[in-house]
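Examination of the molecular architecture
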Amino acid sequence: QVQLVESGGGLVQAGGSLRLSCAASGRSFSIYRVGWFRQAPGKEREFVAAVIWSGGSTYYADSVKGRFTISRDNAKNTVYLQMNSLKVEDTAVYYCAATIAPARGYDYWGQGTQVTVSS
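If you're wondering where the values come from, they're calculated on a predicted model, not measured in any experiment. (Residues numbered from 1 in each chain as written. Predicted model: local features only at pLDDT ≥ 70, side-chain atom pairs only at ≥ 80, totals over all residues. Heavy atoms only, no water.)

Some thoughts on the overall build of the protein chain
Tallying secondary structure elements over the protein chain gives 0 helices and 11 strands in all. The secondary structure elements of the protein chain, listed N-terminal to C-terminal, are β-β-β-β-β-β-β-β-β-β-β. In terms of overall size, the protein chain behaves like a compact globule, its C-alpha atoms giving a radius of gyration of 13 Å where 119 residues would be expected to give roughly 14 Å. Structurally, the protein chain occupies a C-alpha span of about 40 × 25 × 25 Å along its principal axes. The buried share among the 119 residues of the protein chain stands at 42%. Taking as baseline every contact in the protein chain between residues at least 6 positions apart, the subset at least 24 positions apart corresponds to 53%. Only carbon and sulfur atoms are counted for the fraction: they give 48% of the accessible area of the protein chain, which is about 6,000 Å². (Helix = DSSP H or I, 4+ residues; strand = E, 2+ residues; numbered from the N terminus. Rg over C-alpha atoms; globule rule 2.2 N^0.38 Å. Buried < 20%, exposed > 50% of the residue type's maximum accessible area, 1.4 Å probe, protein only. Contact = heavy atoms within 4.5 Å. Areas by Shrake-Rupley, 256 points an atom, 1.4 Å probe, with all protein chains shown as cover.)

Laid out in structure tokens, this is it:
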């Protein structure tokens, strides 16, 4: 089992920045990839960014490319999502998730953290 705990959400004005953290515990050594997802009210959950736990390769949704940066600190078992130039439409609950194999879906999910961007 892998446990994930997100933190760092909050209220910020448009154009501002936030950094989300996702701390992994349990069998974190088994993690292959960690992703960030978000879900806005009335909308489906969508992919935001992902990072390969060991190799460090990163992937981004087009909507956040150039504004968001995903990174990981293996020593701290933590993945970060640096969000810059935030827009009102970035408002959502942000979740981190982990998978233990390349072809698997995300097996483990955090509880989510609210990000609200005001105009």
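Moving on from the coordinates now.
Describing the sheet that holds strand β3 (residues 18-26)
Within the open sheet, the 4 strands sit side by side as β1-β3-β8-β7. Their pairing is antiparallel. In the strand order of this sheet, the two ends are held by β1 (2-7) and β7 (68-73), each with one partner. Each adjacent strand pair in this sheet contributes to an overall mean axis angle of 15 degrees, direction not counted. In this sheet, strand β8 (residues 78-83) lies alongside β3 in antiparallel orientation, the contact comprising 6 bridges. In the sheet register, Cys 22 faces β8, and the bridge partner there is Val 79. (Pairing = 2+ DSSP bridges. Axes fitted to C-alpha atoms, helices over the stretch in contact; angles between N-to-C directions.)

Describing the side chain of Thr 78
Turning to its location among the elements, Thr 78 is positioned in strand β8. Within the structure, Thr 78 has its side chain in polar contact with the backbone oxygen of Lys 76 (distance 2.8 Å). Non-local contacts of Thr 78, meaning those with residues more than four positions away in its chain, are made with Ser 21, Cys 22, Ala 23, Trp 53, Ser 71, Arg 72 and Asp 73. (Polar contact = N/O pair within 3.5 Å; in protein donor to acceptor, adjacent residues only side chain to side chain.)

Quick look at unusual backbone geometry
The residue Asn 77 is not glycine, and still its phi comes out positive at about 55 degrees. Considering the arrangement of structural elements, one finds Asn 77 in the loop between β7 and β8. Residue classification places Asn 77 among the partly exposed residues on the basis of a relative accessible area of 24%.

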